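Coordinate analysis (summary)
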Amino acid sequence: AQSVSQHNHHVILSEAASLELGCNYSYGGTVNLFWYVQYPGQHLQLLLKYFSGDPLVKGIKGFEAEFIKSKFSFNLRKPSVQWSDTAEYFCAVSIMIKAAGNKLTFGGGTRVLVKP
Amino acid sequence: EAGVAQSPRYKIIEKRQSVAFWCNPISGHATLYWYQQILGQGPKLLIQFQNNGVVDDSQLPKDRFSAERLKGVDSTLKIQPAKLEDSAVYLCASFGIMNTEAFFGQGTRLTVV
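Just so we're clear, the structure is a prediction, and the values are computed from it rather than from any experiment.

**A look at the overall build of chain B**
When helices and strands are tallied, chain B shows 0 helices and 11 strands. Taking 13 Å as the expected radius of gyration for a compact globule of 113 residues, we find that chain B reaches 13 Å, a close match to that expectation. In terms of principal-axis extent, the alpha carbons of chain B reach across some 40 × 25 × 20 Å. Expressed as a percentage of its 113 residues, the buried residues of chain B come to 47%. A separation of at least 24 residues holds for 51% of the contacts in chain B among residues at least 6 apart in sequence. Total accessible area on chain B is roughly 5,600 Å²; 50% of this is exposed by carbon and sulfur atoms. Side-chain charges of chain B comprise 12 positive and 10 negative groups, with the mean position of each set lying 6 Å from the other.

**Quick look at the state of the cysteines**
This structure, assessed with the given rule, holds 2 disulfides over all chains. Disulfide pairing places Cys23 of chain A opposite Cys91 of chain A at an S-S distance of 1.9 Å. With the S-S dihedral at roughly -65 degrees, the linkage between Cys23 of chain A and Cys91 of chain A falls on the left-handed side. A residue pair is termed long-range when its members are at least 10 positions apart, and Cys23 of chain A in strand β4 (residues 23-26) and Cys91 of chain A in strand β10 (residues 87-97) qualify at 68 residues. Judged by its relative accessible area of 0%, Cys23 of chain A is buried. Here Cys23 of chain B connects covalently by a disulfide to Cys92 of chain B, the sulfurs 1.9 Å from one another. Residues Cys23 of chain B and Cys92 of chain B share a disulfide whose torsion about the S-S bond is about -70 degrees; that sign makes it left-handed.

**Here's the deal with the pairing of strand β4 (residues 31-37) of chain B**
Residue and element names in this part refer to chain B. Counting buried positions along β4 gives 7 out of 7 residues, so the element sits mostly inside the fold. With burial as the criterion, each face of β4 is covered, one bearing Thr31, Tyr33, Tyr35 and Gln37 and the other bearing Leu32, Trp34 and Gln36. Counting the residues in the hairpin turn of β4 and strand β5 (residues 44-50) gives 6 residues, including Gly40, whose phi is positive at 85 degrees.

**Description of the nonpolar core**
Membership of the largest hydrophobic core comes to 29 residues, with the highest contact counts inside it found for Trp35, Leu48, Leu76 and Tyr89 of chain A. Once you skip the residues sitting within four places of it in the chain, Leu76 of chain A turns out to touch Leu19, Glu20, Leu21, Trp35, Leu47, Leu48, Phe63, Glu64, Ala65 and Tyr89 of chain A. In this structure, Phe21, Ile26, Ile47 and Ala88 of chain B belong to the second largest nonpolar core, which totals 21 residues.

Parameters and conventions
- Residues numbered from 1 in each chain as written.
- Chains lettered and ligands numbered in written order.
- Predicted model: local features only at pLDDT ≥ 70, side-chain atom pairs only at ≥ 80, totals over all residues.
- Heavy atoms only, no water.
- Helix = DSSP H or I, 4+ residues; strand = E, 2+ residues; numbered from the N terminus.
- Rg over C-alpha atoms; globule rule 2.2 N^0.38 Å.
- Buried < 20%, exposed > 50% of the residue type's maximum accessible area, 1.4 Å probe, protein only.
- Contact = heavy atoms within 4.5 Å.
- Areas by Shrake-Rupley, 256 points an atom, 1.4 Å probe, with all protein chains shown as cover.
- Lys, Arg positive; Asp, Glu negative; His and termini not counted.
- Charge placed at Lys NZ, Arg CZ, Asp CG, Glu CD.
- Disulfide = S-S within 2.5 Å.
- Pairing = 2+ DSSP bridges.
- Core = buried A, V, L, I, M, F, W, Y, C linked by side-chain atoms within 4.5 Å.

Purely geometric numbers; function is a separate question.
Have a look at this one:
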């Protein structure tokens with residue numbers, strides 16, 4: 001069974017600082033990778049996803065992520081954060097199981113606080 | 001397209017009471033998920049349906065939780081009896097064959113007192 005680990009539980013930084021959140025997964029086969037964001041009081045929203053092709057994926061709101069297959073990693077980055085990026089970020093992995101659909105597993109999340 | 005609908009949005013019950021949540025996925029989506037998200041943690045898969053069949057319920061506490069998706073469309077998740085540790089947000093999501101991502105509902109926030 002696949003699993004997802006996010007290294008940082010909490011990150012505090014100032015506006016304009018760069019952000020990098022780590023995500024590693026364990027599964028030997030083909031995976032699809034996602035980063036979701038959850039703003040305070042809101043539901044999960046998709047930031048970006050990787051299925052195939054260019055391992056550097058650009059998402060909404062200036063976020064990007066890089067898939068490094070050899071390291072089983074899919075780290076999220078943003079060069080310059082804003083106060084509005086304060087949220088919880090979740091990495092997720094899906095694998096396709098024949099006749100069962102996509103199995104989607106989440107990491108534990110990283111809470112990001114951006115100080116004005 | 002319409003999103004994933006969940007109700008109620010909030011529910012407060014006493015321990016040992018029962019509660020039910022409802023989810024209507026996006027039309028045509030074969031895969032439906034119920035996740036439990038405890039405060040400060042990532043969503044944990046409780047049960048996954050493919051059409052009206054269960055494909056994964058390995059983390060569903062079957063002594064108190066049950067779920068059904070009788071016609072392969074909407075689904076209900078029930079807790080009976082509830083415990084304090086069941087306080088969480090219950091998320092429903094659906095995934096269509098032609099899609100590349102799961103779509104989430106707004107969730108039901110359950111508080112057990």
